[in-house]
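Survey of secondary and tertiary structure
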Amino acid sequence: MSIRSLSPDVSLTRRRALASLAAGAAGALAPAAFAQGSGSPWRPSKPLRFIVGFSAGGSADVLARLLAEPMGKYLGQAVVVENIVGAGAGIAMATLARSAPDGHTIAMGAPGTHAINPAILGPKLPFKVQDTQGITQLVTQPNVLIVNKDLGIDNLAQFIAWVKAHPTAAYGSAGIGTSNHLCGEWLSDRLGLKLSHVAYKGASQVITDLLGGHIPMTFDNITTAANLAKEGKVKAIAVTTAKRSALLPDVPPLAQVVPGYDLASWQGLFAPRGVPAPVLQELYKATVQALNTPEVRQRLAGFGSEPVGQSPAEFAAFLDAEAKRWGDIVRAANLVEK
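Residues numbered from 1 in each chain as written. Predicted model: local features only at pLDDT ≥ 70, side-chain atom pairs only at ≥ 80, totals over all residues. Heavy atoms only, no water.

Nonpolar side chains tend to gather and get buried jointly when the protein is soluble and globular. With 47 residues, the main nonpolar core has Phe-159, Met-217 and Tyr-261 as its most contacted residues. Residues Leu-48, Ala-64, Val-81 and Ala-271 belong to the second largest nonpolar core, which totals 32 residues. (Core = buried A, V, L, I, M, F, W, Y, C linked by side-chain atoms within 4.5 Å. Buried < 20%, exposed > 50% of the residue type's maximum accessible area, 1.4 Å probe, protein only.)

This next bit is on the environment of Pro-41. Along the chain, the position of Pro-41 falls in the loop between helix H1 (12-34) and strand S1 (48-52). Between the C-alpha atoms of Pro-41 and Gln-281, which are 240 residues apart in sequence, the distance is 9.2 Å. (Helix = DSSP H or I, 4+ residues; strand = E, 2+ residues; numbered from the N terminus.)

Topologically, Ala-317 is positioned in helix H11 (residues 312-332). Residue Ala-317 is classed as partly exposed on the basis of its relative accessible area, which comes to 47%.

This part is about unusual backbone geometry. We note that Ala-87 has phi near 55 degrees; this positive angle belongs to a residue other than glycine. Tracing the chain through its elements places Ala-87 in the loop between strand S2 (79-83) and helix H3 (90-98). Given the relative accessible area of 49%, Ala-87 is considered partly exposed. Even without glycine at this site, Asn-334 takes up a positive phi of about 55 degrees. Mapped onto the elements, Asn-334 comes out in the segment after H11.

Once that is clear, we can look at the packing of aromatic side chains. To describe a pair of aromatic rings, you give the distance between the ring centres and the angle between the ring planes. Per the stated rule, a full pass over the model turns up 6 aromatic pairs. Plain terms: the ring middles of Phe-270 and Phe-315 are 5.3 Å apart, the flat faces sit at 50 degrees to each other, and that makes the pair tilted. With Phe-270 in strand S9 (residues 264-272) and Phe-315 in helix H11, this residue pair connects regions lying 45 residues apart in the sequence. Chaining the aromatic ring pairs together yields one cluster made of Trp-266, Phe-270, Phe-315 and Phe-318. Positioned above the aromatic ring of Trp-186 is the side chain of Arg-190, whose terminal nitrogen or guanidinium carbon lies 5.4 Å from the ring centre. (Phe/Tyr/Trp six-rings, centres within 6.5 Å; stacked < 30°, edge-to-face > 60°. Lys NZ or Arg CZ within 6 Å of the ring centre and 35° of its normal.)

Here we come to the pairing of strand S3 (residues 105-109). Within a regular strand, side chains alternate between the sheet's two faces. Extensive coverage of S3 is indicated by the burial of 5 of its 5 residues. Burial along S3 is two-sided: Thr-105, Ala-107 and Gly-109 facing one way and Ile-106 and Met-108 facing the other are all buried. Where S1 meets S3, 4 bridges bridge the pair, whose relative direction is parallel. Looking at S3, one finds that Arg-49 is bridged to Thr-105. (Pairing = 2+ DSSP bridges.)

What follows concerns the environment of Asp-209. Here Asp-209 shows up in helix H7 (residues 203-211). When the C-alpha atoms of Asp-209 and Gly-172 are compared, they prove to be 8.5 Å apart, with 37 residues separating the residues in sequence. Once residues within four sequence positions are removed from consideration, Asp-209 is found in contact with Tyr-200, His-214 and Ile-215. Of note is the side chain of Asp-209, whose polar atom sits 2.7 Å from the side chain of Tyr-200. (Contact = heavy atoms within 4.5 Å. Polar contact = N/O pair within 3.5 Å; in protein donor to acceptor, adjacent residues only side chain to side chain.)

This part covers helix H6 (residues 179-191). Its 13 residues give H6 an end-to-end C-alpha distance of 18 Å, which sits within 8% of 18 Å, the value for a rise of 1.5 Å per residue. Extensive coverage of H6 is indicated by the burial of 10 of its 13 residues. Of the residues making up H6, those classed as buried are Ser-179, Asn-180, His-181, Leu-182, Cys-183, Gly-184, Trp-186, Leu-187, Ser-188 and Leu-191. (Expected span 1.5 Å × (residues − 1).)

Along the chain, Glu-322 falls in helix H11. Among the polar contacts listed, one links the side chain of Glu-322 to the side chain of Arg-325, at a separation of 3.1 Å. The residues contacting Glu-322, other than those within four sequence positions of it, are Ala-115, Ala-264, Trp-266 and Gly-327.

Structural data, given as structure tokens:
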């Protein structure tokens, strides 16, 4: 029976007792959400689950494991990395979206999860983007345009001349909808060409065929591309960001010849929608502190990645801009699934 439905002859004392009981019950729910005393920063009550939707040993997985220990020290609980691979990390994000919004489950996202695949798949996406919320952008890094070393192409000007003479030349990617696929699509569009896209099941197969001369070029992550270029196995022609990378300081940006060309790859940290603001804030602080440790910064520099660490609000605005940027490229390339 609710207080409102009591008959008029119920005593004032009973009304007050019931009201006090209801208020006490409501107040008892609050500590369950935070498991902390009033005024204390939130701390997890058990180990955190850090979901990564990409294979063990890949760049996203390495980044997660690099951050896990310093994040755990800040939060006072272990941060356990778990790989859940499939559907372009969509299964991992679906797992995150179904998790309790209590701060104990986080996941790694990227352009594919929150900008590219939502534009391609629409309602077929394995999760709803709005069922996740961003904590912070972790890092950003360019992809690198690399070509077979036997093509005789040594610089960006020579590449542009070659590709205009071969307007249907093929480039490989790790799959439809990956950032390296769309880097090629946007270059084709900006140059008025129709470069042929060859989708592989993974980046390693792309590199094998590039080295073997079966495809002339690809866009690859900077860590792999820089190693191959330094070993003399490929020629690094340009980075896909508007500025140069410290890992390849002599390689110019494509924007030098294609004004406005600026496509960065990135990784970000996400939580389920509904995580309370104090919890989200502590996850953000733990992440930023981890990104700023000397060991992490040194390792990131070696990968060609720049730490970011935006606030949750800044990250939300960034995600909106990324959804438009990549979505426009998807639509221009007619990649939207019907």
